[in-house]
Amino acid sequence: DDKAADKQVTEEPSEAPESADKKDDKKDEEHHDGDVNILNSLTGVPREEDVVHFALPMVAPWSSLSARSYKYRIKLQPGNLKKGKAAKAALDMLLRMYQPPQRDYQLVKSIPENELVATMIGNSKPSVPGGGKDKDRKVIKNK
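Residues numbered from 1 in each chain as written. Predicted model: local features only at pLDDT ≥ 70, side-chain atom pairs only at ≥ 80, totals over all residues. Heavy atoms only, no water.

> Would you mind going over the nonpolar core with me for this structure?
Nonpolar side chains in soluble globular proteins tend to end up buried together. Counting twelve residues, the largest nonpolar core is built from Ile74, Ala86, Ala87, Ala90, Leu91, Met93, Leu94, Leu95, Val108, Ile111, Leu116 and Met120. At seven residues, helix α2 (residues 83-98) tops the list of elements feeding residues into this core. (Core = buried A, V, L, I, M, F, W, Y, C linked by side-chain atoms within 4.5 Å. Buried < 20%, exposed > 50% of the residue type's maximum accessible area, 1.4 Å probe, protein only. Helix = DSSP H or I, 4+ residues; strand = E, 2+ residues; numbered from the N terminus.)

> It is not clear to me how the pattern of salt bridges should be interpreted in this structure. Could you clarify?
When the charged atoms of two side chains lie near each other, side chains of opposite charge can form a pair. One pass over the full model with this rule turns up three salt bridges. A salt bridge links Glu49 to Arg47; the shortest N-O distance between them is 2.8 Å. Both residues of the pair, Glu49 and Arg47, belong to the exposed class. Put simply, Asp50 and Arg47 hold a salt bridge, and the shortest N to O gap is 3.5 Å. On the basis of relative accessible area, Arg47 is assigned to the exposed category, the value being 55%. Overlapping salt bridges, with partners in common, bring together Arg47, Glu49 and Asp50 in one network. (Salt bridge = Lys/Arg side-chain N within 4 Å of Asp/Glu carboxyl O.)

> Teacher, can you tell me more about the confidence of the model for the protein chain here?
Close reading of the predicted structure is inappropriate where its pLDDT is low. Per-residue confidence for the protein chain gives a mean pLDDT of 76, with 66% of residues at or over 70. Here helix α5 (residues 131-142) stands out as the element of the protein chain with the lowest mean pLDDT, 46, in contrast to α2, whose mean of 94 is the highest. Segment residues 3-16: pLDDT under 50, and zero contacts once partners within four positions in sequence are set aside and those in other chains are kept. Segment residues 133-143: pLDDT under 50, and zero contacts once partners within four positions in sequence are set aside and those in other chains are kept. (pLDDT = per-residue confidence, 0-100. Contact = heavy atoms within 4.5 Å.)

> Is there a simple way to think about the side chain of Arg73 in this case?
With respect to the helices and strands, the residue Arg73 is situated in the loop between α1 (2-41) and β1 (75-81). Apart from residues no more than four positions distant in its own chain, Arg73 is found in contact with Trp62, Leu65, Ser66, Ala67, Leu94, Met97 and Tyr98.

> Help me out: how do you make sense of the packing of α2 against helix α3 (residues 102-109) in this one?
A pair of packed helices is characterised by two quantities: the angle between their axes and the separation of those axes. Axis separation between α2 and α3 bottoms out at 11 Å; the angle between their running directions is 180°. If you check the angle between α2 and α3, you find them roughly antiparallel. In contact with Leu91, Leu94 and Leu95 of α2, α3 contributes Tyr105, Val108 and Lys109. Here the contact of α2 with α3 is composed, by residue class, of five nonpolar, no polar and one charged. (Axes fitted to C-alpha atoms, helices over the stretch in contact; angles between N-to-C directions. Parallel < 35°, antiparallel > 145°, perpendicular 65-115°, else oblique. Nonpolar A, V, L, I, M, F, W, Y, C, P; charged D, E, K, R; others polar.)

> Just to check I follow, could you spell out α3 for this structure?
Because each turn of an α-helix spans 3.6 residues, side chains separated by three or four positions end up pointing in the same direction. Within α3, burial applies to Asp104, Leu107 and Val108. One face of α3 carries all of its buried residues, which in axial projection span an arc of 95°. Contact partners of the buried residues in α3: α2. (Arc of directions from axis to C-beta.)

> How should a nonpolar patch on the surface be read in this particular structure?
On the surface, a nonpolar cluster with roughly 430 Å² of combined accessible area is contributed by Leu39, Leu42, Phe54 and Leu56. Note that Leu39 resides in helix α1. (Patch = residues over 30% accessible without salt bridge, like charges linked within 9 Å, V, L, I, M, F, W, Y side chains within 5 Å. Areas by Shrake-Rupley, 256 points an atom, 1.4 Å probe, with all protein chains shown as cover.)

> Mind showing me how you'd approach the side chain of Asp104 here?
The residue Asp104 is located in helix α3 in this model. One polar contact links Asp104 to Tyr72, side chain to side chain, over a distance of 2.6 Å. Contacts of Asp104, omitting those with residues within four sequence positions, involve Lys71 and Tyr72. (Polar contact = N/O pair within 3.5 Å; in protein donor to acceptor, adjacent residues only side chain to side chain.)

> When you look at the packing of aromatic side chains in this model, what are you seeing that I'm missing?
On inspection of all chains with the given rule, the structure shows one aromatic pair. The interplanar angle of 75° and the centroid separation of 5.2 Å between the aromatic rings of Tyr72 and Tyr98 together place this pair among those described as edge-to-face. On the criterion of sequence distance, the pair formed by Tyr72 in the loop between α1 and β1 and Tyr98 in helix α2 is long-range, its members being 26 residues apart. Tyr72 sits in the partly exposed class, given a relative accessible area of 22%. (Phe/Tyr/Trp six-rings, centres within 6.5 Å; stacked < 30°, edge-to-face > 60°.)

Listed below in structure tokens is the structure:
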């Protein structure tokens, strides 16, 4: 009888952690599904009916940033500006170039400066894509 009682005692704890692990796995899956839903809700081009809560600065290769994928974008080129000055110049250029609606303007301006600087590449300068060519053409047409 003592052996049977020992078996029951040793078997019960081994079953309990398995069921606890299964519960933890289900919670992890649910949490993971929630993370995926959040990631899927991020967009570079919000629709009219979308509620935009915040703006995220990001840096990526220019070829991957199509105008269809991102509403606002500034090109970074090699230069001599440090991260802080380059971030501030890029933000100013973006706001002047796109002249976003009031809500977008507020969202872009609300990005913390340290977040912009952390995202920025050192020794770079912001530029308007194709900006120099258009200015030359306008001057020639006006003559």
